[in-house]
Amino acid sequence: MLNPNRLVSPSWRLRGNALLLLSLSFAAPALAQQPPLATIRLLPEDAQRGLSGHQQNFYFLPPGVTGENYVSAGFFGQKLLPYLGSNVEALANLDRYKRQKTAYLIDRVVAVGAFGIYGQQIFAQDKRQYFNGTQRVALGVLATSMVATLFINRNTNSYLQRAVGSFNAERGYGTFWPRLRPTGLSVGQAATGQPLLAVRWALR
């Protein structure tokens with residue numbers, strides 16, 4: 001008795017699989033580009049902040065809100081808290097953001113205080129002073145504060161971005177498929193005559 005499966009050429013089965021993979025690879029990005037309404041959307045400029053970026057407040061659209069009426073997340077990102085719910089990873093990243101912003105605020109107070117002490121010492125005596133003992137200490141504190149600012153600000157923004165990313169990932173936004181999508185597919189033939197499917201990926 002004939003097996004119907006033997007009537008189908010392996011090369012045609014391979015071509016069919018290749019076409020299916022190609023269809024999925026081109027259809028998935030179109031779907032991924034449409035964020036669900038249940039997600040939090042950062043202002044595009046804020047979503048693109050890199051390491052050591054500026055420290056102004058983030059702006060976002062709450063879940064289910066459309067348009068361009070972005071609202072401030074607050075200095076500590078506290079206005080995001082009601083939307084994150086019980087997402088442990090998102091809340092942990094928001095806590096890290098708060099910690100960094102608190103350290104940044106303390107660092108600014110220290111810097112302003114050191115600068116104020118230095119200025120006050122200029123007129124502390126009858127003759128103006130620019131480098132007495134107190135001023136040297138104040139300058140050292142100010143320099144330390146400036147260096148500390150670089151380390152504090154380096155990852156601050158990324159913590160809030162990760163908090164939003166974790167929240168959105170829980171709702172199916174930012175699927176893993178774009179990372180797995182092949183960059184090229186082709187059908188060839190081995191030296192033995194067997195059909196081959198070649199799949200190429202690019203790391204991204």
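Residues numbered from 1 in each chain as written. Predicted model: local features only at pLDDT ≥ 70, side-chain atom pairs only at ≥ 80, totals over all residues. Heavy atoms only, no water.

Visitor: Where do I start with the overall build of the protein chain in this structure?
Guide: Helix and strand content of the protein chain: seven helices and five strands. The N-to-C order of helical and strand elements in the protein chain reads α-β-α-β-β-α-α-α-α-α-β-β. Split into buried and exposed, the 204 residues of the protein chain put 28% on the buried side. Relative to all contacts within the protein chain whose residues are 6 or more apart in sequence, the contacts with residues 24 or more apart total 55%. Working note: accessible area of the protein chain is about 13,500 Å², and carbon and sulfur atoms make up 62% of it. (Helix = DSSP H or I, 4+ residues; strand = E, 2+ residues; numbered from the N terminus. Buried < 20%, exposed > 50% of the residue type's maximum accessible area, 1.4 Å probe, protein only. Contact = heavy atoms within 4.5 Å. Areas by Shrake-Rupley, 256 points an atom, 1.4 Å probe, with all protein chains shown as cover.)

Visitor: Please clarify how the sheet that holds strand 3 (residues 71-72) should be interpreted in this entry.
Guide: Strand pairing in a sheet takes place through backbone hydrogen bonds and is either antiparallel or parallel in direction. Taken in spatial order, the three strands make up an open sheet running 1-2-3, and their pairing is antiparallel. Each edge of the open sheet is held by one strand with a lone partner, namely strand 1 (41-42) and strand 3. With two bridges joining them, strand 1 and strand 2 (residues 59-61) adopt antiparallel strand pairing. The partner of Arg41 across the bridge, within strand 2, is Leu61. (Pairing = 2+ DSSP bridges.)

Visitor: Just to check I follow, could you spell out the pattern of salt bridges for this structure?
Guide: Inspection of the entire model under this criterion finds three salt bridges. Its salt-bridge partner being Arg171, residue Glu170 comes within 2.9 Å of it at the nearest N-O pair. Here Glu170 falls in the exposed class, since its relative accessible area comes to 52%. Judged by relative accessible area, Arg171 falls into the partly exposed class, the value being 35%. (Salt bridge = Lys/Arg side-chain N within 4 Å of Asp/Glu carboxyl O.)

Visitor: When you look at the nonpolar core in this model, what are you seeing that I'm missing?
Guide: Across soluble globular proteins, you tend to see nonpolar side chains buried next to one another. Judged by nonpolar contacts, the single largest core of 15 residues is most densely connected at Ile40, Leu80 and Leu160. At the level of secondary structure, the elements contributing two or more residues to this core comprise helix 4 (88-122) and helix 6 (156-170). In terms of residues, this core owes the most to one element, helix 6, which gives five residues. Contacts of Ile40, omitting those with residues within four sequence positions, involve Phe60, Leu61, Pro63, Leu80, Tyr83, Leu84, Val164, Phe167 and Asn168. (Core = buried A, V, L, I, M, F, W, Y, C linked by side-chain atoms within 4.5 Å.)

Visitor: Is there a simple way to explain helix 6 in this structure?
Guide: Residues separated by three or four positions in an α-helix point in the same direction, a consequence of the helix having 3.6 residues per turn. Taking 1.5 Å of rise per residue, the 15 residues of helix 6 would be expected to cover 21 Å, and the 22 Å separating its terminal C-alpha atoms lies within 8% of that figure. Summarising burial for helix 6: eleven of the 15 residues are buried, a large majority. Among the residues making up helix 6, those that are buried are Thr156, Asn157, Ser158, Tyr159, Leu160, Gln161, Ala163, Val164, Ser166, Phe167 and Asn168. The inward-facing, buried residues of helix 6 contact strand 1, helix 2 (44-47), helix 3 (81-84), helix 4 and helix 5 (133-154). The first or second residue beyond helix 6 is Gly172, which carries a positive phi of 85 degrees. (Expected span 1.5 Å × (residues − 1).)

Visitor: I'm lost on the packing of helix 4 against helix 5 in this one. Help?
Guide: Two packed helices can be described by the angle between their axes and the distance between those axes. Between helix 4 and helix 5, whose axes approach to 9 Å, the crossing angle comes to 160 degrees. As judged from the angle between their axes, helix 4 and helix 5 are roughly antiparallel. Considering only the axes of helix 4 and helix 5, their crossing is left-handed. A breakdown of the residues in the contact of helix 4 with helix 5 according to their chemical character gives 16 nonpolar, seven polar and two charged. (Axes fitted to C-alpha atoms, helices over the stretch in contact; angles between N-to-C directions. Parallel < 35°, antiparallel > 145°, perpendicular 65-115°, else oblique. Left-handed = near helix turned anticlockwise from the far one by under 90°. Nonpolar A, V, L, I, M, F, W, Y, C, P; charged D, E, K, R; others polar.)

Visitor: What should I look at first to understand the side chain of Ser72 in this one?
Guide: As for its position among the elements, Ser72 is in strand 3. Note on Ser72: relative accessible area 16%, which makes it buried. Side-chain polar atoms of Ser72 contact the side chain of Asn57, separated by 3.3 Å. If sequence neighbours within four positions are ignored, Ser72 has contacts with Asn57, Phe58, Tyr59, Phe60 and Lys79. (Polar contact = N/O pair within 3.5 Å; in protein donor to acceptor, adjacent residues only side chain to side chain.)

Visitor: So what exactly am I meant to see when it comes to the side chain of Thr156 here?
Guide: Within the element layout of this structure, Thr156 appears in helix 6. Engagement of the side chain of Thr156 in a polar contact is seen with the backbone oxygen of Ile152, the distance being 2.6 Å. Excluding residues that lie within four positions of it along the chain, Thr156 makes contacts with Gln55, Tyr97, Gln100 and Lys101.

Keep in mind these numbers describe shape, not what the thing actually does.
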